[in-house]
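# Reading the structure
Read off the chains here:
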Amino acid sequence: MPLDLKRKPDCIQNKTEDSIEKKNTKSNICFSTTNPQYSFDRIVLNSRQIKDIEDVIAYDKYRDYMMNNWGMKQLFPDRNGLAVNLYGASGTGKTMVAHAIADKLSKRIVIVNYAEIESKYVGETSKNLVSLFDFAQKEDALLLFDEADALLSRRVTNMSTSADVSVNQTKSVLLNVLNEYNGYVIFTTNYISNYDAAFLRRIPFQIKFDLPDEQQRASIWKKYMSTGIPYEFNIEQIAHKYEGLSGSDIANSVWIAALESLTKRKLMIGEEEIEYAIKRIIEAKNENRGIEKDFKIVSARDVEEDYAMRQIERRNG
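Conventions and cut-offs
Residues numbered from 1 in each chain as written. Predicted model: local features only at pLDDT ≥ 70, side-chain atom pairs only at ≥ 80, totals over all residues. Heavy atoms only, no water. Helix = DSSP H or I, 4+ residues; strand = E, 2+ residues; numbered from the N terminus. Buried < 20%, exposed > 50% of the residue type's maximum accessible area, 1.4 Å probe, protein only. Contact = heavy atoms within 4.5 Å. Areas by Shrake-Rupley, 256 points an atom, 1.4 Å probe, with all protein chains shown as cover. Phe/Tyr/Trp six-rings, centres within 6.5 Å; stacked < 30°, edge-to-face > 60°. Expected span 1.5 Å × (residues − 1). Polar contact = N/O pair within 3.5 Å; in protein donor to acceptor, adjacent residues only side chain to side chain. Axes fitted to C-alpha atoms, helices over the stretch in contact; angles between N-to-C directions. Left-handed = near helix turned anticlockwise from the far one by under 90°. Nonpolar A, V, L, I, M, F, W, Y, C, P; charged D, E, K, R; others polar. Core = buried A, V, L, I, M, F, W, Y, C linked by side-chain atoms within 4.5 Å. Patch = residues over 30% accessible without salt bridge, like charges linked within 9 Å, V, L, I, M, F, W, Y side chains within 5 Å. Salt bridge = Lys/Arg side-chain N within 4 Å of Asp/Glu carboxyl O. Pairing = 2+ DSSP bridges.

## What to know about the overall build of the chain
Helix and strand counts for the chain come out as twelve helices and ten strands. Looking at the chain as a whole, 38% of its 317 residues qualify as buried. Long-range pairs, those at least 24 residues apart, make up 70% of the contacts in the chain with a sequence separation of at least 6. Put simply, the chain shows about 19500 Å² of open surface, and 49% of that area lies on carbon and sulfur atoms.

Here it is in structure tokens:
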């Protein structure tokens, strides 16, 4: 949705072709809107995801009728805006779907980098959050919190420092803002288990993203290879042979295979190049899993020194 650049804002404007950046002179924080980068015709989804997204779009269409004509405002006084949580495995298209939802709703996007609004000063992060939501509301833009578990994680139960107080204050402010917000906000996360339950209660739409099955993998391969890239390998066989690949893995494999082919002065991606690329991706993922396994962090507890030494000796055989 184009913005009214003639309106006199309470901040500085810096316009580019695709984004509009505004600087909040009070907090010295820059917020910007951008056009959605993806639409649903570029995304492969399963039937459950399609149904859940249709419900999100339907809520936008029927919200006023539900709340006013059916009197549901009395039952759900805190359901003012449209809040969605996209969760699941990494690389499965959560951010792409967030952009596609904004595209379907004809909304521009405010992509939130939490590190930019977080402040070392007590209370400032909360103010920055309020300014962020105000900005998105004025611009009628969709707020996108990528990797939202950093913001929606559980509150500190045993506060001992001013930082703990600030963290809990920020989360309390966000809970209140979500209750009152009339706009659109999407959260994405790979770690929904880290969310504070209070936030889950305030986000009615929860859409899960799993790794694609064989049929979906084949569809994703075809999406990427249908843009004019010359290739000579059997997509169905590749989709069947290599399980556990995410959409992002497939995209990276196509990128690597294209470069590998051109480096060999081949004007077509062959089976050798695509398998080379896939194996590089799988190798890196396996190495990453090995690191996570070897360096597992467990909860600490106070134990007697003798007990600890016995456990170490037992572990070492």
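## Observations regarding the packing of aromatic side chains
Going through the model one piece at a time under the given rule, you end up with eight aromatic pairs. Judged by centre distance (5.1 Å) and plane angle (50°), the rings of Tyr231 and Phe233 are tilted. Since its relative accessible area comes to 9%, Phe233 is described here as buried. Among the aromatic residues, ring-to-ring pairing joins Phe133, Phe145, Tyr181 and Phe187 into one connected group.

## Here we look at helix α8 (residues 214–225)
Every α-helix winds through 3.6 residues per turn, so residues three or four apart in the chain are directed the same way. Over its twelve residues, α8 extends 16 Å from the first C-alpha to the last, a length consistent with the 16 Å expected when each residue adds 1.5 Å. Among the residues making up α8, those that are buried are Gln216, Arg217, Ala218, Ile220, Trp221 and Met225.

## Quick notes on the side chain of Asn85
Of note, Asn85 is situated in strand β4 (residues 82–88). Side-chain polar atoms of Asn85 contact the side chain of Gln206, separated by 2.8 Å. Discounting residues that sit within four places of it in the chain, Asn85 has contacts with Phe187, Thr188, Thr189, Ile192, Tyr195, Leu200, Ile203, Phe205, Gln206 and Ile207.

## Quick word on the packing of α8 against helix α10 (residues 247–263)
Running from N to C, α8 and α10 point in directions that differ by 40°, and their axes come no closer than 10 Å. Along this stretch, α8 crosses α10, giving a crossing that reads as right-handed. Note on element contacts: α10 touches α8 through Gly247, Ile250, Ala251, Ser253 and Val254, opposite Arg217, Ile220, Trp221, Tyr224 and Met225. Of the residues contributing to the contact of α8 with α10, the split by class is seven nonpolar, two polar and one charged.

## Some remarks on unusual backbone geometry
Residue Ser106 is not a glycine yet carries a positive backbone phi of 60°. Within the fold, Ser106 resides in the loop between α2 (94–104) and β5 (109–112). Notably, Arg265 is not glycine yet its phi reads approximately 60°, a positive angle. Along the chain, the position of Arg265 falls in the loop between α10 and β10 (269–270). Classification of Arg265 as exposed rests on a relative accessible area of 78%.

## Side note on the nonpolar core
Ranked by size, the top nonpolar core spans 29 residues in total, and within it Leu132, Phe133, Leu143, Phe145, Leu152 and Phe187 carry the most contacts. Top contributing element to this core by residue count: helix α4 (residues 124–139), with five residues. In this structure, Phe145 is in contact with Val112, Leu129, Leu132, Phe133, Leu151, Val185, Ile186, Phe187 and Thr188, ignoring residues within four places of it in sequence. Judged by nonpolar contacts, the second largest core, of 22 residues, contains Leu86, Ala98, Leu142 and Phe205.

## Some details on a nonpolar patch on the surface
On the surface, a cluster of nonpolar side chains totalling about 400 Å² of accessible area is made up of Tyr62, Tyr65 and Trp70. Looking at the secondary structure, you find Trp70 in the loop between α1 (47–69) and β4.

## Description of the pairing of strand β8 (residues 205–209)
Here β8 shows a clear split, with Phe205, Ile207 and Phe209 buried on one side and none of Gln206 and Lys208 buried on the other. Across five bridges, β4 lies against β8 in parallel orientation. Paired with Val84 across the bridge in β8 is Phe205.

## Quick look at the environment of Tyr181
Checked against the element boundaries, Tyr181 lands in the loop between α6 (162–180) and β7 (184–189). Put simply, Tyr181 and Arg79 are 102 residues apart on the chain and 8.6 Å apart in space, counted from C-alpha to C-alpha. Beyond its immediate stretch of four places on either side in the chain, Tyr181 contacts Asn80, Gly81, Phe133, Ala136, Gln137, Ala141 and Leu143.

## Some words on the pattern of salt bridges
All chains considered together, the criterion is met by 14 salt bridges. For Glu236, the salt bridge identified is with Lys222, shortest N-O distance 2.9 Å. Pair noted here: Glu236 is in helix α9 (residues 235–241) and Lys222 is in helix α8, with a separation of 14 residues, a long-range link. Taking the relative accessible area as the measure of exposure, Lys222 reaches 42% and is therefore partly exposed. A salt bridge links Glu273 to Lys264; the nearest nitrogen and oxygen atoms lie 3.1 Å apart. By relative accessible area, which is 34% here, Lys264 ends up partly exposed. The structure contains a network of salt bridges with shared partners spanning Glu260, Lys264, Lys266, Glu272 and Glu273.

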